[in-house]
Amino acid sequence: MSHPIIEISNLVKCYEMGGEEVYALRDVSVTIGSNEYVAIMGPSGSGKSTLMNMLGCLDTPTSGTYYFNGEDVREMTDDDLAEIRNREIGFVFQTFNLLPRATALQNVELPLVYSGVSKTERHDRATRALEQVNLTDRMTHKPNELSGGQRQRVAIARAIVTAPSIILADEPTGNLDTKTGHDIMALFRHLWEAGNTVILVTHEEDVARHARRIIRLRDGRIESDTVNPDA
Amino acid sequence: MRRSTEIAESIRIAIESLRMNLLRSILTTSGVVVGVVLVVVMGWTIGGLDAVWEQAISIMGKDMLYIDKWSWSGGGNWRLMEARKDITLQQAQLLASRMESAECVMPVVRLWSGSVVRNNTSLRCGILGTTNEYGQTSSAELSSGRFFTSIEDYHGAKVVVLGEGVAKGLFPGEDPIGQTIKIISEPYRIIGVIAKRGFLFMDFVDNQVVIPLESFRSTVGLFERSVSVGIKSGSERMLDIVRTEAIGHMRAIRSVPPGAVDDFSINETQAFDEQVKNIRIGIWIVGMGLTILAFIVGSIGIMNIMYVSVTERTKEIGVRKAIGARRNSILLQFLIESSLLCVIGALIAFPFAQLIVGSARYIAVDLLEQDWASVVSPLIPLDLLMIAVGVSIVVGLLAGLLPAIKASRLDPVEALRYEQ
Ligand SMILES: Nc1ncnc2c1ncn2[C@@H]1O[C@H](COP(=O)(O)OP(=O)(O)OP(=O)(O)O)[C@@H](O)[C@H]1O
Ligand SMILES: [Mg+2]
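Below or above, wherever it landed, is the structure these notes cover.

Analysis parameters
Numbering of residues starts from 1 in every chain and runs along the sequence as written. For this description, chains carry letters from A and ligands carry numbers from 1, given in the order in which they are written. A pLDDT threshold of at least 70 governs which residues receive local features in this predicted model, and a stricter bar of 80 or more applies before side-chain atom pairs are shown or counted, although totals over entire chains, interfaces and linings include all residues. By convention in this description, side-chain values take in all heavy atoms of the structure and omit both hydrogens and water. By the criteria applied, helices consist of DSSP H or I runs no shorter than four residues and strands consist of E runs no shorter than two, each listed in order from the N terminus. It is over C-alpha atoms that the radius of gyration is taken, and the globule rule equals 2.2 Å times the number of residues to the power 0.38. When accessible area is computed with a 1.4 Å probe and restricted to protein chains, residues below 20% of their type maximum are described as buried, those above 50% as exposed, and intermediate ones as partly exposed. If even one non-hydrogen atom of a residue comes within 4 Å of a molecule or strand, that residue is called near it. For the purposes of these results, a polar contact is taken to be a pair of N or O atoms within 3.5 Å, where, inside protein, one atom must be able to donate a hydrogen and its partner to accept one; residues adjacent in sequence count only when each atom of the pair is a side-chain atom. The accessible surface values rely on the Shrake-Rupley method and a 1.4 Å probe; as for residues, cover is taken only from the protein chains in view. Gly is placed with the polar residues, together with every amino acid not listed as nonpolar (Ala, Val, Leu, Ile, Met, Phe, Trp, Tyr, Cys and Pro) or charged (Asp, Glu, Lys and Arg). Any Lys or Arg side-chain nitrogen located within 4 Å of an Asp or Glu carboxyl oxygen qualifies as a salt bridge. What is meant by a nonpolar core is a set of buried Ala, Val, Leu, Ile, Met, Phe, Trp, Tyr and Cys residues, joined one to another through side-chain atoms within 4.5 Å. Residue contacts are defined here by distance: any two heavy atoms, one from each residue, within 4.5 Å place the two residues in contact. The rule for pairing is simple: two strands pair if DSSP sees at least two bridges between them. All axes are obtained by fitting lines to C-alpha atoms, using only the stretch in contact for helices, and the reported angles, taken between N-to-C directions, cover 0 to 180 degrees. Between the rings of Phe, Tyr and Trp (Trp by its six-membered ring), a pair exists once the centres lie within 6.5 Å; its type follows the angle of the planes, with under 30 degrees stacked, over 60 edge-to-face, and the other angles tilted. Two parts placed together each lose some accessible area under a 1.4 Å probe, and adding up what both lose gives the buried area. Patches in this entry comprise residues that are over 30% relatively accessible and not in a salt bridge; like charges within 9 Å are linked, as are nonpolar side chains (Val, Leu, Ile, Met, Phe, Trp, Tyr) within 5 Å. Put simply, angles under 35 degrees are roughly parallel, angles over 145 are roughly antiparallel, angles from 65 to 115 are roughly perpendicular, and the rest are oblique. Crossing handedness follows the turn of the near helix against the far one: under a right angle anticlockwise gives a left-handed crossing, and clockwise gives a right-handed one. Multiplying one less than the number of residues by 1.5 Å gives the expected span of a helix. Read the arc as the range of directions from the helix axis to the C-beta atoms.

A look at the overall build of chain A
Secondary structure assignment for chain A yields seven helices and 10 strands. For 231 residues, the compact-globule estimate of 2.2 N^0.38 gives 17 Å, and the C-alpha radius of gyration of chain A, at 17 Å, lies within 12% of that figure. Considering only C-alpha atoms, chain A reaches an extent of 45 × 40 × 40 Å along its principal axes. Residues counted as buried form 55% of the 231 residues belonging to chain A.

What follows is the structure, given as structure tokens:
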């Protein structure tokens with residue numbers, strides 16, 4: 001295994017809810033290396049999304065350490081985190097989270113806007129990303145003119161357009177029918193084969209089957225962390 | 001590089017979101033619209049006032065001083081001035097001979113309620129007696145003929161220069177030069193006509209005739225008539241020196257004891273400037289008060305709508321943050337949106353302001369036939385428009401600041417979980 005991108009130890013996330021403490025994550029330690037393909041599974045409320053947000057530098061832990069590419073995330077300012085998210089992380093959400101008023105192309109260009117890429121280069125790179133997800137014929141369509149599967153492919157193009165270190169997907173097939181879900185999973189597999197690091201959350205065994213490594217969470221703890229024999 | 005792509009993106013988003021909520025946006029800007037209309041109309045009014053005033057006082061001559069028993073600007077104690085001794089012709093001539101710094105000095109005597117007669121037509125007008133130096137002042141720019149010479153003055157020649165109003169009144173459609181009129185039963189030959197100068201409350205200057213001082217003495221008489229002395233300094237720079245010298249001589253000539261106040265007045269255009277300054281300040285205070293009020297109301301509206309916009313777009317803000325927007329990027333986005341909203345307000349306001357300004361001038365000049373108002377520009381000057389746009393951008397930035405800060409500080413995870 002190559003050098004780790006993600007090194008988490010003893011991670012705790014605790015929410016304050018009306019004086020009551022809710023532990024979303026208790027003592028999670030995990031290391032994920034480059035070009036891994038990891039599925040995170042577990043029942044609802046087990047802390048999968050919380051862990052994903054943590055991995056994606058969207059949220060900060062209550063305690064524990066997180067080294068991203070060898071750098072201590074706790075030391076980072078808000079803007080440092082924004083920069084990491086911009087350059088190193090590609091998010092794919094269950095509900096796509098595209099900007100409704102922007103075209104597919106503009107949605108894919110957006111991360112590049114925040115890294116200050118020039119207009120022509122933005123256009124070129126976004127077009128190439130849309131080529132990778134087979135959507136060049138829908139570039140000028142707005143999200144409400146696209147099917148669920150197409151929307152998710154736009155979201156994946158947006159996630160890979162900056163060539164990030166990892167792609168994080170939180171239930172990417174959760175809002176799609178089985179057939180479309182398979183297409184999307186094929187896409188992730190393709191990205192992984194092309195050298196990307198992919199981490200995805202799912203509670204469908206069928207989906208998790210694609211991954212090389214399966215981490216199971218229960219009540220905010222890692223229940224098991226196994227190599228998938230099927231893949 | 002990053003800044004400029006972000007600004008371009010922010011402007012694109014702002015225009016898009018304003019277009020989405022066009023009616024709401026336009027209604028929101030109404031306070032700003034009123035504010036901008038007020039700023040522009042106020043600026044134009046002050047500019048117009050200045051133009052009118054400039055025109056009015058230029059009649060007196062900006063490089064002129066007039067020593068007189070009376071203060072023309074209405075300042076000072078009327079009773080005290082009444083009690084002053086008249087300025088005699090001898091005193092005026094003495095001053096003229098002693099003045100060194102002035103370009104020229106001329107005694108001027110006036111009969112306010114005189115009249116002139118042509119054949120059987122009589123016209124009431126002022127009669128002014130002075131020396132030939134008067135011909136060098138801006139008060140005596142001729143439209144035809146010539147002014148009288150020092151020789152004609154010396155001999156008391158019966159020659160007259162008409163004001164434009166008198167020429168028009170007695171010789172409609174005719175050339176008056178060479179013709180004869182009677183001033184108090186003495187015939188005078190017309191040698192020149194002074195170009196129209198009258199303006200607003202100064203239009204009496206066109207309704208007078210000018211004759212040599214010596215002729216005035218023999219035809220009208222100097223008995224019980226206070227003389228005023230016109231002093232031409234030659235340039236505005238010289239005014240202070242000339243004024244000081246004239247006061248010194250005049251006090252000596254009229255034997256004013258040291259320490260006592262002058263028993264004469266120095267009249268000059270500068271004194272009138274003080275008055276117009278007060279009017280300007282008045283307009284400015286009232287206008288500014290109304291404008292600030294309108295902008296405060298306007299910015300509260302803008303602030304509200306920006307808060308609504310931030311709430312409506314919480315999810316969008318979450319998405320932007322998730323893909324790498326920094327706090328300042330979000331801040332910038334909303335500040336640009338709020339200032340763009342205000343600039344749109346300004347653009348909506350301009351036609352209204354122009355309509356008000358244009359109608360005001362049209363009513364004054366064309367309907368009420370107030371010629372003086374024609375020196376005021378019918379268009380809002382460009383610099384005023386720029387100022388208005390600048391002010392509305394500032395108002396937009398201020399009004400948008402709190403909502404934009406709120407947006408920039410949203411927690412990305414919570415923003416992403418937000419559902420409408
Ligand atoms: N902002 C929050 N405030 C309070 N509690 C929270 C918050 N976010 C998550 N939690 C709690 O943390 C726990 C883990 O939530 P999380 O969303 O990570 O679960 P999950 O595994 O993604 O579930 P699902 O499969 O339903 O998406 C839950 O008990 C949840 O109620
Ligand atoms: Mg979840």
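Points about the site of ligand 1
Residues and elements named next belong to chain A. In the region of ligand 1, 13 residues are neighbours, and Ser44, Gly45, Lys48, Ser49 and Thr50 sit closest. A distance of 2.5 Å is found between an oxygen atom of ligand 1 and a side-chain nitrogen or oxygen belonging to Ser44. About the coverage of ligand 1: the protein hides 73% of its 630 Å² of free accessible area. Going through the elements one at a time, strand 1 (4-17) and helix 1 (48-55) are the ones with two or more residues in the shell around ligand 1. Take the shell around ligand 1: its biggest share by element is three residues, from helix 1. The residue inventory of the shell around ligand 1, partitioned by class, reads four nonpolar, six polar and three charged.

Some points on the pattern of salt bridges
Using the criterion set out here, one finds 33 salt bridges over all chains in the structure. Arg327(B) is paired through a salt bridge with Asp78(A); the nearest N and O atoms lie 2.9 Å apart. With Arg327(B) in helix 12 (residues 327-367) and Asp78(A) in helix 2 (residues 78-88), the pair connects residues from two separate chains. On the basis of relative accessible area, Asp78(A) is assigned to the partly exposed category, the value being 40%. Residue Arg213(A) pairs with Asp225(A) through a salt bridge whose shortest N-O separation is 2.8 Å.

Regarding the nonpolar core
When a protein is soluble and globular, its nonpolar side chains tend to lie buried together. By size, the foremost hydrophobic cluster in this structure holds 75 residues, and its most contacted members are Ile6(A), Ile40(A), Leu51(A), Leu55(A), Phe68(A), Ile199(A) and Val36(B). The dominant element in this core, judged by the number of residues it contributes, is helix 12 of chain B, at 10 residues. Residue contacts for Ile199(A): discarding those within four places in its chain leaves Ile6(A), Ile32(A), Val38(A), Ile40(A), Met52(A), Leu55(A), Ile167(A), Leu168(A) and Ala169(A).

Topic: the sheet that holds strand 1 of chain A
Residue and element names in this part refer to chain A. Across the sheet, which stays open at both edges, the four strands sit in the order 2-1-4-5 with antiparallel pairing between neighbours. Of all strands in the sheet, those bounded by a partner on one side alone are strand 2 (20-33) and strand 5 (71-72). As defined by bridge partners, strand 1 adjoins strand 4 (residues 63-68) across five bridges and the pair is classed as antiparallel. By the bridge assignment for strand 4, Ser9 is matched with Thr65. Where helix 1 meets the sheet, it contacts strand 1, strand 2 and strand 4, and its direction lies at approximately 125 degrees from that of strand 1.

As for the packing of aromatic side chains
As enumerated under the stated definition, the model contains five aromatic pairs over all chains in all. Geometrically, the ring pair formed by Phe91(A) and Phe93(A) is stacked, given 5.6 Å between the ring centres and 10 degrees between the ring planes. Of the two residues, Phe91(A) and Phe93(A), neither departs from the other in class, the shared state being buried. A network of ring pairs unites the aromatic residues Tyr134(B), Phe147(B) and Phe148(B) as a single cluster.

Some words on unusual backbone geometry
If a residue is not glycine, its phi is most likely negative; likewise, a peptide bond is most likely trans. In this structure, Asn119(B) takes a positive phi of about 50 degrees despite not being glycine. The residue Asn119(B) is located in the loop between strand 2 (104-118) and strand 3 (121-130) in this model.

Details of the interface of chain B and chain A
Of the residues lining the interface, 26 residues belong to chain B; the matching set on chain A comes to 26 residues. Between chain B and chain A lies a buried interface of about 2400 Å² when both sides are counted; carbon and sulfur atoms form 57% of it. Joining chain B to chain A, the criterion identifies one salt bridge. Where the side of chain B that touches chain A is concerned, the elements lending two or more residues are helix 1 (2-20), helix 11 (314-322), helix 12 and helix 14 (412-417) of chain B. Considering only residue class, the side of chain B that touches chain A consists of nine nonpolar, five polar and 12 charged.

A look at a nonpolar patch on the surface
Among the surface-exposed residues, Tyr362(B), Ile363(B), Leu367(B) and Leu368(B) lie close enough to one another that they form a single nonpolar patch of about 410 Å² accessible area. Secondary-structure assignment places Ile363(B) in helix 12.

Overview of the pairing of strand 3 of chain B
Residues and elements named next belong to chain B. Relative to strand 3, strand 2 runs antiparallel, the two sharing nine bridges. Bridge assignment links Val116 to a residue of strand 3, and that residue is Leu123. Joining the antiparallel neighbours strand 2 and strand 3 is a turn of two residues, in which Asn119 adopts a positive phi near 50 degrees. Across five bridges, the pairing between strand 3 and strand 8 (residues 208-212) is parallel. Note that in strand 8 the partner of Leu128 across the bridge is Val210.

With respect to the packing of helix 11 of chain B against helix 12 of chain B
Residue and element names in this part refer to chain B. As a packed pair, helix 11 and helix 12 sit with axes 10 Å apart at the nearest point and diverge in direction by 140 degrees. For the element pair helix 11 / helix 12, the angle class is oblique. Helix 11 and helix 12 meet at a crossing whose hand is right-handed. In contact with Glu316, Ile317, Arg320 and Lys321 of helix 11, helix 12 contributes Arg327, Ile330, Gln333 and Phe334. In terms of residue class, the contact of helix 11 with helix 12 is built from three nonpolar, one polar and four charged.

Some details on helix 6 (residues 178-193) of chain A
All names here are of chain A. Between its first and last C-alpha, helix 6 extends 22 Å over 16 residues, near the 22 Å set by a 1.5 Å rise per residue. Where helix 6 is concerned, the buried positions are Thr180, Gly181, Ile184, Met185, Leu187, Phe188, Leu191 and Trp192. Along helix 6, the residues classed as buried sweep out an arc of 150 degrees about the axis, all on the same side. Facing away from the buried side of helix 6, by more than 90 degrees, are the exposed residues Thr178, Lys179 and Glu193. Directly after helix 6, the chain includes Gly195, whose backbone phi takes a positive value near 110 degrees.

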